[in-house]
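In case you want the letters, here they are:
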Amino acid sequence: MHGGAFLKLENVSVAYGRVHALRNVSLEIGGDELVAVLGPTGAGKTTLLRAVAGLETPHAGRIAMGGQDVIRDSPAARDVAIVFQDFSLYPNWTVRANLEFPLKAPGRKLTKDEIGRRVAWAAKLLRIEHLLDRRSVRLSGGEMQRVAIGRAIVRRPRIFLMDEPLTNLDAKLREALRVELVCLRRELKTPMLFVTHDQTEALSMGDRVVVLSEGRILQAGTPREIYDRPASPVVARQIGQPAINLLPVRRSGGEWVTESGVAVAPADGPHYGEMILGVRPEHVAATGGKRAATVRVVENMGPMKILLADWAGTDVHIIAGGSTSLRPGDVIHPKIDANRVLLWPKE
Amino acid sequence: MSFLELRQLRKTYPDGTEAVKGIDLAANAGEFIVLLGPSGCGKTTTLRMIAGLETPTGGWVTIGGRDVTRLSPAERDVGFVFQFYALYPRMTVRQNVAFPLDAVGTKRTVRDAMVEAVAAGMGLGGLLDRYPRQLSGGDQQRVSLARAIVRKPRMWLMDEPLGTLDADQRLGMREFIRSRQQEMGVTTIYVTHDQEEAMSLADRIVVMHGGEISQVGPPADVYDGPASLFVASFVGSPGMNFIPGEAQANAFVPAGGHARIPISRELPPGSLTLGVRPEYVYECADGPIAGHAVLDEYQGAFRIVHVNAGFAHNLVMRVPAGGDHQAKPVGQRLQLGFDPAHVRFFESGSGRSV
């Protein structure tokens, strides 16, 4: 990212007492970019969002928006909008009152007409017009989250900060709202920082993905870069479902050989010694290899099946077609696509 | 004879809400049944009535041929796991997991071996001497699952036991539950709103909607031959594509569109909805449907491309993502066809499969 960055974090660190929640995080978000921050619980995702919002004061580093240093600015002055996981609406207020609330904040001098126009605009965009006069306790989870998003967009903030906004929704609803959010953001042309622990959300929504672990950025890149060329086994495991196969191997003759003695791929690159070999389940075929494996578990996923096979003592996940008739106990001969093998030095 | 039978099972709350509207279901011994549906479909209420935690307002529950409708939970000898774990805070993980075994007077050596085995299988081996407060939420959830499946009661009843786990832990837990259940042969009823979990775990899926059963069948049957529009949209991620329209001489004509989709089977007259799963929609130069890409969702091994073809809903196609497969830029024109063997039809009004 260059010149066009809207939000810029430089070496931001946040500590609670002796616990470091963020360590030297540097990150830029363009004026029309959706950056997804992916990490497990406790990685520092929410702290990052709160630091950008001004709810958390970093003990080191710089945060700038639109070229201006904002580190001393109050949350209100930063003009950001946050959507939380738990919706956080006023339960006894109507949807309309919830949407109007941020527009009536002290210091915002909007006319009644303008407030009405903005509420109508947001309600139409989010398809909640029919709910405007309902109290928010009477809404379903999906409706509540739409209202929470509506409350964020009526303000026309400079950036959206989303803290796992889809996590508390049913799987089906999450899928639908994910698509709506991407389309909505594209229409609003406002940058968004979207925090999630769900790799599907990160891959499918992010223009770029930032992988966070224990307060540090492990890798940042386009979804495809991160999926195809993860920087480390830790990143590789966080992206992709089912997770990538990671096999400890050593080079023997012209092949990479597992601890249990299975030759899994030809070795012709520059690497020697003990390595971790990574291969995604869709790049392992159930047939064509030399060494036998036994199918242990078959998971039917609809368009595909996930096989878990015991390959001479090594567990390996394989994606097979949805119509495969393989069952637990069957013998297969896995073959790894040599062109899709990743290698990292063993720690 | 079925091991578990629900006959005309009903739950109506005092305010008149009908949570479960008289359902019939039979599970064989050793079978893994998943109750699948959205919030409020009645799946948890059904599970709680099987457990004895909720009293039916009508109908019967029989386990092993015996009517247990009026028996207490303890008399039914079932093991449950809930989404929200409840561990004994003053006991170590080891003591928590051993608790159900102690309660039935298992010999110490046998008990210890069983606890070690289940803990090892679930990756809890290193945590056995910790206390619950020293564990993350996900680990507490796994301990509560371990406690439920360490023993072999007559049934396992599970209510979204993986609900609070991070995505990366779910697959491993799913595989463990599945293989443990097969090994122990315990009849299991498992509740979830996650169709992926249902597909991967179940011998048979029971799809519920509005307090009723929409369909019962093995995952592949439910996926390939959904009984209704609801099942077709709820099962699968994303769900099935729907195109409302009507049949005309050897073709299906979408409402308001110009396309004619050739069909080789007889269809009833009237308003119909064509359904096709995203993996059976593909690009083909002489395909009957023209549209343009509106969104391309990258998902690692594949992409989900949303296409506006002028129908009531965007069409969604699932295409490979690796290698030379590039994203479809927004606005790109596409000519699409369907795999005829995988096209389904539903009555638009009732939603029933035809």
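Residues numbered from 1 in each chain as written. Chains lettered and ligands numbered in written order. Predicted model: local features only at pLDDT ≥ 70, side-chain atom pairs only at ≥ 80, totals over all residues. Heavy atoms only, no water.

**Remarks on the pairing of strand E4 (residues 58-63) of chain B**
Residue and element names in this part refer to chain B. Pairing of strand E1 (residues 4-12) with E4, which is carried by five bridges, proceeds in the antiparallel orientation. Bridge pairing in E4 places Arg10 opposite Gly58. Across two bridges, E4 lies against strand E5 (residues 66-67) in antiparallel orientation. The partner of Ile63 across the bridge, within E5, is Arg66. What sits between the antiparallel neighbours E4 and E5 is a turn of two residues, in which Gly64 has the positive phi angle 55 degrees. (Pairing = 2+ DSSP bridges. Helix = DSSP H or I, 4+ residues; strand = E, 2+ residues; numbered from the N terminus.)

**Let's talk about the packing of aromatic side chains**
Residue and element names in this part refer to chain A. According to the stated counting rule, one finds nine aromatic pairs over all chains in the structure shown. Note on Tyr90 and Trp93: the rings are 4.2 Å apart at their centroids and 20 degrees apart in plane angle, and the pair reads as stacked. Here the aromatic rings of Tyr90 and Phe101 are separated by 5.2 Å at their centres, their planes lie at 65 degrees, and the arrangement is edge-to-face. Of the two residues, Tyr90 is situated in the loop between strand E6 (80-83) and helix H3 (95-100) and Phe101 in the loop between H3 and helix H4 (112-125); the sequence distance between them amounts to 11 residues. Its relative accessible area of 38% is what places Phe101 among the partly exposed residues. An aromatic cluster of at least three residues, connected via ring pairs, comprises Tyr90, Trp93 and Phe101. (Phe/Tyr/Trp six-rings, centres within 6.5 Å; stacked < 30°, edge-to-face > 60°. Buried < 20%, exposed > 50% of the residue type's maximum accessible area, 1.4 Å probe, protein only.)

**Examining the pairing of strand E8 (residues 192-196) of chain A**
All names here are of chain A. Along E8, five of the five residues are buried, which leaves the element largely enclosed by surrounding structure. As paired elements, strand E7 (residues 159-163) and E8 share four bridges and run parallel to each other. Within E8, the residue paired with Leu161 across the bridge is Leu193. Remark: the E7/helix H6 (residues 171-188)/E8 crossover connection has right-handed handedness. (Right-handed = clockwise from strand over helix to strand, strands pointing away.)

**A few points about the layout of surface pockets**
Its volume calculated, the second largest pocket comes out at about 890 Å³. Along the wall of the second largest pocket there are 36 residues; nearest its centre are A:Arg237, A:Ala243, A:His317, B:Asp168 and B:Gly172. For the lining of the second largest pocket, the leading source of residues is helix H6 (residues 167-184) of chain B, giving nine residues. Considering only residue class, the lining of the second largest pocket consists of 15 nonpolar, 14 polar and seven charged. (1 Å grid on protein atoms, 1.4 Å probe; cavity = no way out; pocket = protein on both sides within 12 Å on 5 of 7 lines; lining within 4 Å. Points joined across faces, edges and corners; volume = space filled by probe spheres on them. Nonpolar A, V, L, I, M, F, W, Y, C, P; charged D, E, K, R; others polar.)

**Things to note about the side chain of A:His317**
Locating A:His317 in the fold gives a position in strand E18 (residues 314-321). On the basis of relative accessible area, A:His317 is assigned to the buried category, the value being 14%. Of note is the side chain of A:His317, whose polar atom sits 2.6 Å from the side chain of B:Glu175. The contact partners of A:His317, leaving out residues within four places of it in the chain, are A:Asn245, A:Pro281, A:Val284, A:Ile306, A:Leu307, A:Leu308, B:Leu171 and B:Glu175. (Polar contact = N/O pair within 3.5 Å; in protein donor to acceptor, adjacent residues only side chain to side chain. Contact = heavy atoms within 4.5 Å.)

**A look at the sheet that holds strand E11 (residues 241-248) of chain B**
Residues and elements named next belong to chain B. Strand order in the open sheet formed by five strands is E13-E12-E11-E14-E20, and the pairing between neighbours is antiparallel. Every interior strand has two partners, whereas the edge strands, strand E13 (261-262) and strand E20 (343-347), have only one. Note: strand E12 (residues 251-254) against E13, two bridges, orientation antiparallel. Across the sheet, the residue bridging to Phe252 is Ile261, located in E13.

**Re the interface of chain B and chain A**
Each side of the interface is counted separately: chain B has 39 residues, and chain A has 36 residues. Summed over both sides, the interface between chain B and chain A buries roughly 3100 Å², with carbon and sulfur atoms accounting for 52% of that surface. At the junction of chain B with chain A, the criterion picks out two salt bridges. With its nearest N and O atoms 2.9 Å apart, the salt bridge here joins A:Arg178 to B:Glu297. Joining chain B to chain A, the criterion identifies 12 residue pairs in polar contact (both at pLDDT 80 or more). Looking at the side of chain B that touches chain A, the elements that each hand over two or more residues are H6, helix H7 (195-201), helix H8 (219-224), helix H9 (229-234), strand E16 (289-298) and strand E17 (302-308) of chain B. If one sorts the elements of the side of chain B that touches chain A by residue count, H6(B) sits on top with five residues. Here the residues of the side of chain B that touches chain A sort into 15 nonpolar, 15 polar and nine charged. (Buried area = accessible area lost by both parts, 1.4 Å probe. Salt bridge = Lys/Arg side-chain N within 4 Å of Asp/Glu carboxyl O.)

**Re the packing of helix H3 (residues 93-103) of chain B against helix H4 (residues 108-121) of chain B**
All names here are of chain B. The N-to-C vectors of H3 and H4 enclose an angle of 130 degrees; their axes lie 10 Å apart at closest approach. By the angle class used here, H3 and H4 are oblique. H4 is crossed by H3, and the crossing has right-handed handedness. Two secondary-structure elements touch here, H3 through Arg94, Val97, Ala98, Leu101 and Asp102 and H4 through Arg111, Met114, Val115, Glu116 and Val118. A class-by-class count of the residues in the contact of H3 with H4 yields six nonpolar, no polar and four charged. (Axes fitted to C-alpha atoms, helices over the stretch in contact; angles between N-to-C directions. Parallel < 35°, antiparallel > 145°, perpendicular 65-115°, else oblique. Left-handed = near helix turned anticlockwise from the far one by under 90°.)

**With respect to the packing of helix H5 (residues 141-153) of chain A against H6(A)**
Residues and elements named next belong to chain A. Where H5 meets H6, the closest approach of the two axes is 11 Å, and the angle between their N-to-C directions is 15 degrees. It follows from the interaxial angle that H5 and H6 lie roughly parallel. Our pair here, H5 against H6, has a crossing hand that is right-handed. The residues of H6 that touch H5, namely those facing Gly142, Gln145, Arg146, Ile149 and Ile153, are Leu173, Leu177, Glu180, Leu181, Leu184 and Leu188.

**As for the pattern of salt bridges**
All names here are of chain A. Using the criterion set out here, one finds 40 salt bridges over all chains in the structure. For Asp69, the salt bridge identified is with Arg62, shortest N-O distance 3.4 Å. Of the charged contacts in the structure, one is a salt bridge between Glu180 and Arg127, with a shortest N-O distance of 2.8 Å. Remark: Arg127 occurs in the loop between H4 and H5 and Glu180 occurs in helix H6; sequence separation between them is 53 residues. It is possible to trace a salt-bridge network through shared partners that takes in Glu10, Arg62 and Asp69.

Purely geometric numbers; function is a separate question.
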